[in-house]
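Now for the letters of each chain:
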Amino acid sequence: MSSSAGLCRFWLIGFVVVLTASCSSFEPGERRSMNEEEVSRGLQDIAFDVPSGFEFVQAFTHTEFVGQPAWRARFDAPGEAGDDTALSAANPSFPPLQPVTCAAASTSNWTALGLTCEPEMLSTARPAQGTADPVTVLLTRNTRQSSLFIYSQGH
C-alpha cells in the first residue's frame with residue numbers, strides 16, 4: 001500500500017469515528033439530567049458548599065458545542081435545617097442572602113426543578129470570578145421544607 005493510500009485510509013477511519021461519536025451525543029441546547037456526582041464536581045468548580053441537612057433532589061444541564069454549559073440544581077432540607085446563616089457562613093465568597101420576591105426572582109432557571117414561590121425567599125449572586133462562572137442561589141422556605149436552588153451560567 002502506498003503512503004498516500006495509507007494516509008487516506010487513516011483520515012477516512014478518523015472521520016468515521018468522529019461521525020459515529022457525534023451521532024450518539026446530545027444535540028446542542030438539549031436538556032439532560034445530571035447525577036449527584038456531576039453536581040458535586042460543578043459545586044467544586046464554582047466553590048460553593050451545600051450545608052449539611054440538604055439533600056440532592058435533581059439537576060439539569062444543557063449540552064453545548066464549546067465551553068462550560070450552564071447547569072441548575074435543587075437540594076431540599078427539612079424546614080428547620082434551611083438556615084440562611086449557615087448557608088452564608090459556608091460560602092463567604094458570595095454576598096449575604098437578601099430577601100427577594102417571587103416576581104423579582106429569575107424563576108425561569110428553576111422552573112424545571114419544581115420551584116414554587118414561598119413566603120420566605122432569599123437570594124444571592126456572584127459574578128464571574130477568574131475561571132468561576134456567574135452563579136445565582138435561591139433559598140426558599142415554608143413550614144415543611146427548605147429548598148436550595150443553584151444556577152451556574154456557564155461560559
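Quantities reported herein were computed from a predicted structural model and do not represent experimental measurements.

## Comments concerning the overall build of the protein chain
- For the protein chain, the helix and strand inventory stands at three helices and seven strands.
- Counting over 155 residues, the protein chain shows a buried share of 36%.
- Looking at the protein chain alone, contacts between residues at least 24 apart form 60% of all its contacts between residues at least 6 apart.
- Entry remark: accessible area of the protein chain is about 9200 Å², with carbon and sulfur atoms responsible for 58%.

## Considering the sheet that holds strand β7 (residues 145-152)
- Overall, antiparallel pairing links the seven strands, which are arranged β1-β2-β3-β7-β6-β5-β4 in an open sheet. This sheet does not close on itself; its edge strands, each paired only once, are β1 (31-33) and β4 (98-99).
- Relative to strand β6 (residues 135-141), strand β5 (residues 120-126) is paired through seven bridges, and the arrangement is antiparallel. In the sheet register, arginine 126 faces β6, and the bridge partner there is valine 135.
- Helix-sheet contacts for helix α2 (residues 36-45) involve β1, β2 (55-62), β3 (71-78) and β7, and the interaxial angle to β3 is about 105°.

## Considerations on the confidence of the model for the protein chain
- Residues at a pLDDT of 70 or more form 74% of the protein chain, whose mean pLDDT is 80.
- Counting contacts from residues 14-24, a segment whose pLDDT is below 50, to residues more than four positions away or on other chains yields zero contacts.

## Some details on the state of the cysteines
- The tally for this structure, following the rule as stated, stands at one disulfide.
- A sulfur-sulfur distance of 1.4 Å marks the disulfide that ties cysteine 102 to cysteine 117. You can see cysteine 102 sitting in the loop between β4 and β5 and its partner cysteine 117 sitting in the loop between β4 and β5, a full 15 residues away along the chain.
- Judged by relative accessible area, which is 25%, cysteine 102 ranks as partly exposed.

## Quick look at empty space enclosed by the protein
- Evaluated as defined, the whole model comprises one cavity of 30 Å³ or more.
- Phe48, Leu87, Ser88, Asn91, Phe94, Pro95, Pro96, Leu97, Thr124 and Val137 are the residues that line the largest cavity.
- For the lining of the largest cavity, the class distribution of residues is seven nonpolar, three polar and no charged.

## A look at the environment of alanine 47
- Summarising the element assignment, alanine 47 is placed in the loop between α2 and β2.
- Separated by 47 residues in the primary sequence, alanine 47 and phenylalanine 94 have C-alpha atoms spaced 9.6 Å apart.
- For alanine 47, the contacting residues outside a window of four places in its chain are Asn91, Ser93, Phe94 and Arg126.

## Structural notes on the pairing of β7
- With respect to burial, β7 is a largely interior element, seven of its eight residues being buried.
- As paired elements, β3 and β7 share eight bridges and run antiparallel to each other. Each bridged residue has a counterpart across the sheet, and for alanine 73 the counterpart in β7 is isoleucine 150.
- Here β6 runs beside β7; their pairing, made up of seven bridges, is antiparallel. Of the residues in β7, the one forming a bridge with leucine 138 is phenylalanine 149.

What counts and what doesn't
- Residues numbered from 1 in each chain as written.
- Predicted model: local features only at pLDDT ≥ 70, side-chain atom pairs only at ≥ 80, totals over all residues.
- Heavy atoms only, no water.
- Helix = DSSP H or I, 4+ residues; strand = E, 2+ residues; numbered from the N terminus.
- Buried < 20%, exposed > 50% of the residue type's maximum accessible area, 1.4 Å probe, protein only.
- Contact = heavy atoms within 4.5 Å.
- Areas by Shrake-Rupley, 256 points an atom, 1.4 Å probe, with all protein chains shown as cover.
- Pairing = 2+ DSSP bridges.
- Axes fitted to C-alpha atoms, helices over the stretch in contact; angles between N-to-C directions.
- pLDDT = per-residue confidence, 0-100.
- Disulfide = S-S within 2.5 Å.
- 1 Å grid on protein atoms, 1.4 Å probe; cavity = no way out; pocket = protein on both sides within 12 Å on 5 of 7 lines; lining within 4 Å.
- Points joined across faces, edges and corners; volume = space filled by probe spheres on them.
- Nonpolar A, V, L, I, M, F, W, Y, C, P; charged D, E, K, R; others polar.

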